[in-house]
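Below are the chains, spelled out letter by letter.
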Amino acid sequence: QVQLVESGGGLVQAGGSLRLSCAASGLTFSSYAMGWFRQAPGKEREFVAGITRTGISTSYADSVKGRFTISRDNAKSTVYLQMNGLKPEDTAVYYCNAESVAVARSFWGQGTQVTVSS
């Protein structure tokens, strides 16, 4: 049974930082590209950041470039999202995603709430 468990969300003031973690189990973590997505109230889920299986390559939404950093530790089956310079518009539920094109499988975590106050 595949599980992705996010943690690290919370309430922070604008300009502050948070570090999200997503611990994976039940899958071969190093075989999956990992990503972070977010969904604000009344809006569709959107891509935030992604990282390849080895961690060599990363990608970011324009809205978070230069402020957020995605990383992974394959030995710990965990992906991270370091969020600096948080803005009220970053307020959302943040979801972890694991995707394998090779086996056409995709998994989601349950989400963690991030609230940025102005």
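Just above, that's the structure.
(A) The packing of aromatic side chains, seen in detail. One pass over the structure, following the stated rule, counts 3 aromatic pairs. Judged by centre distance (5.0 Å) and plane angle (65°), the rings of phenylalanine 37 and tryptophan 108 are edge-to-face. Of this pair, phenylalanine 37 sits in strand S4 (residues 33-39) while tryptophan 108 sits in strand S10 (residues 105-108), placing them 71 residues apart in sequence. A relative accessible area of 19% places phenylalanine 37 in the buried class. For the cation-ring pair, arginine 19 lies above tyrosine 80, with the distance from its terminal atom to the ring centre recorded as 4.0 Å.

(B) Expanded view of the pattern of salt bridges. On inspection of all chains with the given rule, the structure shows 4 salt bridges. In this structure, aspartate 90 and arginine 38 form a salt bridge, with 2.9 Å as the shortest nitrogen-oxygen distance. Here aspartate 90, found in the loop between strand S8 (78-83) and strand S9 (92-100), pairs with arginine 38, found in strand S4; they are 52 residues apart in sequence, far enough to count as distant. Looking at aspartate 90, the relative accessible area reads 1%, which means it is buried.

(C) Structural context of the nonpolar core. If you look at the biggest cluster of nonpolar residues, it comprises 30 residues, and the most contacted ones within it are Met34, Trp36, Val79, Leu81, Met83 and Tyr94. Among the elements of the structure, strand S3 (18-25), S4, strand S5 (46-51), strand S7 (68-73), S8, S9 and strand S11 (112-117) are those that each provide at least two residues to this core. Setting aside its immediate chain neighbours within four residues, leucine 81 contacts Leu18, Arg19, Leu20, Trp36, Val48, Ala49, Phe68, Thr69, Ile70 and Tyr94.

(D) Region of the structure containing the state of the cysteines. Within the structure shown, the criterion is met by 1 disulfide. Covalently, cysteine 22 is tied to cysteine 96 through a disulfide, its sulfur atoms 2.1 Å apart. Residues cysteine 22 and cysteine 96 share a disulfide whose torsion about the S-S bond is about -80°; that sign makes it left-handed. Of the two residues, cysteine 22 sits in strand S3 while cysteine 96 sits in strand S9, which places them 74 residues apart along the sequence. Side by side, cysteine 22 and cysteine 96 carry an identical accessibility label, which is buried.

Reading the values: rules and limits
Residues numbered from 1 in each chain as written. Predicted model: local features only at pLDDT ≥ 70, side-chain atom pairs only at ≥ 80, totals over all residues. Heavy atoms only, no water. Phe/Tyr/Trp six-rings, centres within 6.5 Å; stacked < 30°, edge-to-face > 60°. Helix = DSSP H or I, 4+ residues; strand = E, 2+ residues; numbered from the N terminus. Buried < 20%, exposed > 50% of the residue type's maximum accessible area, 1.4 Å probe, protein only. Lys NZ or Arg CZ within 6 Å of the ring centre and 35° of its normal. Salt bridge = Lys/Arg side-chain N within 4 Å of Asp/Glu carboxyl O. Core = buried A, V, L, I, M, F, W, Y, C linked by side-chain atoms within 4.5 Å. Contact = heavy atoms within 4.5 Å. Disulfide = S-S within 2.5 Å.

Function cannot be read off these values alone, since they describe shape.
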